[in-house]
Amino acid sequence: MDKQPDSRYHQAMSTTVMAMHISSTQTDGDRISLIDPFNRKIEYLRLSVTDKCNLRCFYCLPKHFKDFEQPAHWLTFDEIERVIGAFADLGVAKVRITGGEPLLRKDLPVLANQLSQLRGIDDLSLSTNAVLLSRQAQSLRDASISRINVSLDTLKPERFTQITGGKLQPVLDGLMAAKQAGFAPIKINMVAMKDINDDEFEDMVDFCLEHDFTLRFIETMPVGDTGIDASQHYLNLKQVKNKLADQYELIPGVMPGGGPARYVQVKDTNLRIGFITPISQHFCETCNRVRLSVDGTLYLCLGQDHKYELRPLLRQGISDDGLKNAIVEAIAIKPEKHEFRSNPGQVVRFMNMTGG
Ligand code: SAM
């Protein structure tokens, strides 16, 4: 693969930029950046390696959903490597492997190894429900994945089954295996839901304090019609923060990070708590990411339909420069923002398809 941006390539890029006037690449020394039409630097790719999941969280995927992408359409590891290599050449340094449930993809550590060796990729992370993590933690850590996010909405076994249809214990085992394997940080992602888990925020804080995990709360988003109206459980995270502030002294403004979470620290501890508020306080103006689905579709926004198909190009034998041009073209259609609030029924795509 041609990993070295050369002058021919720069020329191709400026031609594209001039032709479209709406997205561009910038250079800083020998580093290129992808700039979208709203002047946001795109430096983060979420890579879905499967749309399948071994849980059925009621707010994410309908219970009997089976309409998964056919294996012939899955990007192969080599195709994924090409696409990520092209993004890396365009200045994208951060990749998060997600799904569906990424640990269901066979030989994931092999792919992680391939990606971690790409020049320019300096942050490879994973989002998982941890059901299968206890057996894979060490090999994933050995494959240079350093940071891991684990979804966990409750510490109560029965409630876990009600929310996800699965069992809690394997997830806890997976978390302990991740700790043992040396992932740092390990972040717990908890979707905060009224009448579902709003009596457990302090318990989750204590759990994270005990195990040295970072805790992040997420607002429920209207993505896909799962058959259950999750919006009735929507909770503005301001309420969660206020509730926690009654009990803990929260120091604001720590850990700015590259993502959407706004963090506080619990005084006299190492615990950081992040609040991800796509609904009450959206963060689209700082959006730095795009998503690649298992079938090679580039989704430009979690909450909009704007997309660009890369698989046909890959399978028609597109050149490396052509692939980079296609990515620049795709970035040109990245929309300004989602419309979760003004148009909540709009996103018909389930989270597992886009790569959550
Ligand atoms: N299976 C992996 C996991 O569990 O982390 C990765 C994919 S999962 C779709 C990614 C995240 O999306 C999880 O933390 C999940 O809770 C969150 N999620 C799914 N549907 C959501 C919704 N409607 N609102 C908010 N978060 C959602």
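The rules behind the values
Numbers given to residues run from 1 along each chain, matching the order in which its sequence is written. Totals for whole chains, interfaces and linings use every residue, but because this is a predicted model, local features are given only for residues with pLDDT of at least 70 and side-chain atom pairs only at 80 or more, for both listing and counting. Hydrogens and water molecules were not included; the side-chain quantities draw on all heavy atoms of the structure. We count a stretch as a helix when DSSP gives it H or I for four or more residues in a row; a strand needs E for two or more, and each element gets its number in order from the N terminus. Three labels apply to residues, based on accessible area from a 1.4 Å probe with only protein chains included: buried if under 20% of the type maximum, exposed if over 50%, partly exposed otherwise in between. Contacts between residues were defined by any pair of non-hydrogen atoms, one from each residue, lying within 4.5 Å. Each accessible area is a Shrake-Rupley result for a 1.4 Å probe, and residues are judged covered by the shown protein chains and nothing else. Think of the arc as the fan of directions from the helix axis to the C-beta atoms. Any residue with a heavy atom positioned within 4 Å of a molecule or strand is treated as near that molecule or strand. Distance and chemistry together define a polar contact, namely a pair of N or O atoms within 3.5 Å, with one atom able to donate a hydrogen and the other to accept it when in protein, and with adjacent residues in sequence counting only for side-chain atoms on both sides. When residue character is reported, Ala, Val, Leu, Ile, Met, Phe, Trp, Tyr, Cys and Pro are called nonpolar, Asp, Glu, Lys and Arg charged, and the others, Gly included, polar. Pairing between two strands requires that DSSP report at least two bridges joining them. Fitted lines through C-alpha atoms give the axes, limited to the stretch in contact for helices. The angle between two N-to-C directions lies from 0 to 180 degrees.

*Asks:* For this particular structure, what's the right way to read the overall build of the chain?
*Replies:* Along the chain, the regular secondary structure elements total eleven helices and 15 strands. Within the chain, buried positions represent 57% of all 356 residues. In the chain, the proportion of contacts linking residues at least 24 apart, taken out of those at least 6 apart, comes to 73%. When the accessible surface of the chain is split by element, carbon and sulfur atoms take 49% of a total near 15700 Å².

*Asks:* How do you make sense of helix α5 (residues 157-164) when you look at a structure like this?
*Replies:* Structural remark: α-helix, 3.6 residues per turn; residues separated by three or four positions point the same way. For α5, the complete set of buried residues consists of R159, F160, I163 and T164. When α5 is viewed along its axis, its buried side chains cluster within an angular range of 110 degrees and face the same direction. For α5, exposure combined with an orientation more than 90 degrees from the buried face picks out P157, E158 and Q162. The elements touched by buried residues of α5 are α6 (168-181). Count one or two residues on from α5 and you reach G165, which has phi positive near 80 degrees.

*Asks:* I'm lost on the site of the ligand in this one. Help?
*Replies:* Near the ligand there are 18 residues, and of these Y59, G100, E101, S151 and M221 occur at the shortest range. One of the backbone nitrogen or oxygen atoms of G100 is found 2.8 Å away from a nitrogen atom of the ligand. Note that an oxygen atom of the ligand is positioned 3.5 Å from one of the backbone N or O atoms of N129. In the complex, 94% of the free accessible area of the ligand, which totals 550 Å², lies under the protein chains. When contributions to the shell around the ligand are tallied by element, the ones reaching two or more residues are β6 (123-128) and β8 (186-191). Looking at the shell around the ligand residue by residue, the classes come out as six nonpolar, ten polar and two charged.

*Asks:* Explain the sheet that holds strand β2 (residues 31-35) here, please?
*Replies:* Neighbouring strands of a sheet are bound in pairs by backbone hydrogen bonds; such pairs are parallel or else antiparallel. Judged by pairing direction, the sheet is antiparallel, and its three strands sit side by side in the order β1-β2-β3 without closing on themselves. Each edge of the open sheet is held by one strand with a lone partner, namely β1 (24-28) and β3 (41-42). Looking at chain direction, β2 and β3 are connected through two bridges and run antiparallel. Across the sheet, L34 pairs through a bridge with I42, a residue of β3. Helix-sheet contacts for helix α10 (residues 320-331) involve β1, β2 and β3, and the interaxial angle to β2 is about 40 degrees.

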